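Breakdown of the fold
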Amino acid sequence: MENIKPVIELELYLVRHGQSRGNAGAFSESDAEKELNDPHLTDLGIMQAKKAGKYLSDVNFDICFASGLIRTVQTANEIMNFQNEKKRLNILPIITEVGVKEDFAGRTLDEMKEACETAEMAKGFENAERLVVYSTHAEEEALYERAAKAISYFRSHYKNGEKVLVAGHAAFNTIMMFHIMGFDKSPVFDIDIKNTGIIHVVFYKEGTNKFGDIVFESINDTKHFCIPDEDVLPTSVSKLIKDDPENIDESVRLLVDGMKEIHGTKAEKATDIKPEMVQKTDEIMHSITAEKWQKLRSLVTAVENTGTSLISDCTTNSAHLVNGKVCFGKSEKEYKGYPVFDLGKLYESLIASSEIDRKVSYETLGFCRETAERVWEKVILTYFEGEDEALIQRADDRARTVAYLNIFHRLVKAGNADKAVFDYYKDKLIEYVTRVGSLDFE
């Protein structure tokens, strides 16, 4: 026995989901029935899942699973974000938490894809009518039978040393653990599995491990709670530039690639931004001459309706590096429209907002105004790479027009702006309204 080399057949990582709104008692009267039965993670729950992902980042998972409840899908997605490459997430209904009511139909696979774009039904469950399984704590025998079925599923499909992530629930993960231990009903003791508590169990080929064919490496492991928040937050493009201001080409390339990917995506359900931009022009009508206002309004109303996605906050602060790609933070309201509105927002944050006080650039972005100017120059050249210089200059002017419209509109609405500041941005808006003949990129 001493000379036999241990042969691992399967490593199972059972991870409870992060804190949900249900765990936190954070429901409100306006919550729909679906949210009450299947709550999302709280901000703390997202952070817990990120920390679990960071903690497990050295484990290269061969396959990942989650139950058909949204909180486990969110948890698995955050954990998978720390893998070297994006993995498919397999929805496995048989690991649903105990206590799902029979009158709850569950969410759809499309809803799961909103939480994790790689979500698909697990092999053998492609035709499942629902993503959830109904059960109560009173049906102990049935629960242990379901746990046996789940563990049998993993052990029959994965026998060659695979590392398997299973994002599940406190009660059912515990039942699966007890089943692995050999219990066919709940023992006299229990284990309080914390949110994102990890159960790591290793299955060895029979007779090859002197410590037994099944070894629990950890139960309810929460060491990841000690990871500082800042260690799991994605790196912003602003920080990439701040850390190496002399070598910004790659940061700009990643930023532009992320922007163009979004701008190339159709967004049928998003809100068209143009009516809001028209409203902005109407709200500054009495602050500029009628001639300039009429031209500005015609410029905005004439912008092409592309129906493609826009970025809710197109700034280097909201752009983060995730798995080698730049992603932008999402807001509750998603917009669609012409890219000039995003490039205008980016110019506003990089350049226009700090034209009166250059220290604003460093305070808001973390790098100096001179660096911000180089970033914008490279952004506009990279976004329109291959186009002639005249088109690039026109695109630059049109983005600036949008930026000055945004800033001047805020000053008008605030009503208490410093006169010098007010007049400066008014003059800049008029300058570019006079200069441009369209806001479309030709």
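Everything in this summary refers to the structure shown in the same document. Just so it is clear, the structure is predicted and the values come from calculations on it, not from any experiment. (Residues numbered from 1 in each chain as written. Predicted model: local features only at pLDDT ≥ 70, side-chain atom pairs only at ≥ 80, totals over all residues. Heavy atoms only, no water.)

**Thoughts on the overall build of the chain**
Assigned secondary structure in the chain consists of 16 helices and 12 strands. On the principal axes, the C-alpha backbone points of the chain span a range of 85 × 50 × 35 Å. The buried share among the 442 residues of the chain stands at 51%. A separation of at least 24 residues holds for 78% of the contacts in the chain among residues at least 6 apart in sequence. Here the chain displays about 21500 Å² of accessible surface, and carbon together with sulfur accounts for 48% of that area. (Helix = DSSP H or I, 4+ residues; strand = E, 2+ residues; numbered from the N terminus. Buried < 20%, exposed > 50% of the residue type's maximum accessible area, 1.4 Å probe, protein only. Contact = heavy atoms within 4.5 Å. Areas by Shrake-Rupley, 256 points an atom, 1.4 Å probe, with all protein chains shown as cover.)

**Here we look at the sheet that holds strand S7 (residues 214-221)**
The mixed open sheet is built from 7 strands, whose spatial order is S4-S3-S2-S5-S1-S6-S7. One side of each edge strand has no neighbouring strand; the edge strands of this open sheet are strand S4 (119-121) and S7. Averaged over all neighbouring strand pairs, the angle between strand axes comes to 25 degrees, with direction disregarded. For strand S2 (residues 63-66) and strand S3 (residues 89-91), the ladder comprises 3 bridges, and the chain directions are parallel. Bridge pairing in S3 links Phe-65 to Asn-90. Sheet strands in contact with helix H7 (residues 170-181) are strand S1 (8-16), strand S5 (162-168), strand S6 (198-204) and S7, and its direction is about 155 degrees off that of S7. (Pairing = 2+ DSSP bridges. Axes fitted to C-alpha atoms, helices over the stretch in contact; angles between N-to-C directions.)

**As for the packing of aromatic side chains**
Here a ring pair, both rings aromatic, is described through the centre-centre distance and the interplanar angle of the planes. One pass over the structure, following the stated rule, counts 18 aromatic pairs. With a centroid separation of 5.2 Å and 65 degrees between ring planes, the pair formed by Phe-65 and Phe-154 is classed as edge-to-face. Here Phe-65 is found in strand S2, whereas its partner Phe-154 is found in helix H6 (residues 140-157), with 89 residues between them in sequence. Take Phe-65 and Phe-154: they sit in the same class, and that class is buried. Where Phe-178 meets Phe-183, the ring centres are 5.8 Å apart and the plane angle is 75 degrees; that geometry is what we call edge-to-face. Overall, Phe-178 belongs to the buried group, its relative accessible area being 3%. Here the aromatic cluster, defined as three or more aromatic residues joined through ring pairs, consists of Tyr-347, Trp-376, Tyr-404, Tyr-424, Tyr-425 and Tyr-432. If you follow Lys-260 out to its NZ or CZ, it ends over the ring of Tyr-383, 5.2 Å from the centre. Over the ring of Tyr-432 we find Arg-435, and its NZ or CZ is 4.5 Å from the ring centre. (Phe/Tyr/Trp six-rings, centres within 6.5 Å; stacked < 30°, edge-to-face > 60°. Lys NZ or Arg CZ within 6 Å of the ring centre and 35° of its normal.)

**Side note on the sheet that holds strand S8 (residues 235-236)**
Sheets are built from strands that pair by backbone hydrogen bonding, the pairs being arranged parallel or antiparallel. With antiparallel pairing, the 3 strands of this open sheet are ordered in space as S8-S10-S11. The open sheet has two free edges, formed respectively by S8 and strand S11 (325-328), since each of these has just one partner strand. Strands in contact with helix H9 (residues 249-263) are strand S10 (319-322) and S11; relative to S11, the strand with the most contacts, it is inclined by about 55 degrees.

**Thoughts on unusual backbone geometry**
In this structure, Thr-196 takes a positive phi of about 65 degrees despite not being glycine. Relative to the helices and strands, Thr-196 is located in the loop between H7 and S6. Given the relative accessible area of 0%, Thr-196 is considered buried. Unlike most non-glycine residues, Asn-220 shows phi in positive territory, near 60 degrees. Structurally, Asn-220 can be placed in strand S7. Relative accessible area serves as the criterion here: at 18%, Asn-220 is assigned to the buried category.

**A closer look at helix H16 (residues 419-435)**
Its 17 residues place the ends of H16 24 Å apart at the C-alpha level, agreeing with the 24 Å of an ideal helix rising 1.5 Å per residue. Looking at the buried positions of H16, the neighbouring elements they touch are helix H11 (290-301) and helix H15 (389-414). The opening residue of H16, the one whose side-chain oxygen lies 2.9 Å from the backbone nitrogen of Ala-420, is Asp-418. (Expected span 1.5 Å × (residues − 1). Polar contact = N/O pair within 3.5 Å; in protein donor to acceptor, adjacent residues only side chain to side chain.)

**Observations regarding the pattern of salt bridges**
Counted by the stated rule, this structure contains 31 salt bridges. Of the charged contacts, one joins Arg-107 and Glu-111 as a salt bridge, the two residues approaching to 3.5 Å between their closest N and O atoms. An identical accessibility class is assigned to Arg-107 and Glu-111; each is buried. Through salt bridges with shared partners, a single network forms among Arg-21, Lys-34, Glu-35, Asp-38, Arg-71, Arg-107 and Glu-111. (Salt bridge = Lys/Arg side-chain N within 4 Å of Asp/Glu carboxyl O.)

**Digging into the nonpolar core**
Core analysis: the biggest nonpolar cluster contains 62 residues, and Met-259, Phe-341, Leu-343, Leu-350, Trp-376, Val-379 and Phe-384 have the highest contact counts within it. Looking at this core, the element that brings in the most residues is H15, giving 12 residues. Excluding anything up to four places from it in sequence, Val-379 contacts Val-252, Leu-255, Val-256, Leu-343 and Leu-346. (Core = buried A, V, L, I, M, F, W, Y, C linked by side-chain atoms within 4.5 Å.)

**Remarks on the packing of helix H14 (residues 369-383) against H15**
The N-to-C vectors of H14 and H15 enclose an angle of 120 degrees; their axes lie 10 Å apart at closest approach. Relative to H15, the element H14 lies oblique. Note that H14 runs across H15; the crossing there is right-handed. Mapping the contact onto sequence places Trp-376, Ile-380 and Leu-381 in H14 and Ile-392, Ala-395, Asp-396, Ala-399 and Arg-400 in H15. When grouped by side-chain class, the residues that make up the contact of H14 with H15 number 6 nonpolar, no polar and 2 charged. (Parallel < 35°, antiparallel > 145°, perpendicular 65-115°, else oblique. Left-handed = near helix turned anticlockwise from the far one by under 90°. Nonpolar A, V, L, I, M, F, W, Y, C, P; charged D, E, K, R; others polar.)

**With respect to the packing of helix H3 (residues 43-55) against helix H4 (residues 70-80)**
Across the interface, H3 lies against H4 with an axial gap of 7 Å and an inter-helix angle of 40 degrees. Here H3 lies oblique to H4, going by the angle between them. Read as a crossing pair, H3 and H4 show a hand that is right-handed. Counted together, Ile-46, Ala-49, Lys-50, Ala-52 and Gly-53 of H3 and Gln-74, Thr-75, Glu-78 and Ile-79 of H4 form the full contact between these two elements. When its residues are assigned to classes, the contact of H3 with H4 shows 4 nonpolar, 3 polar and 2 charged.

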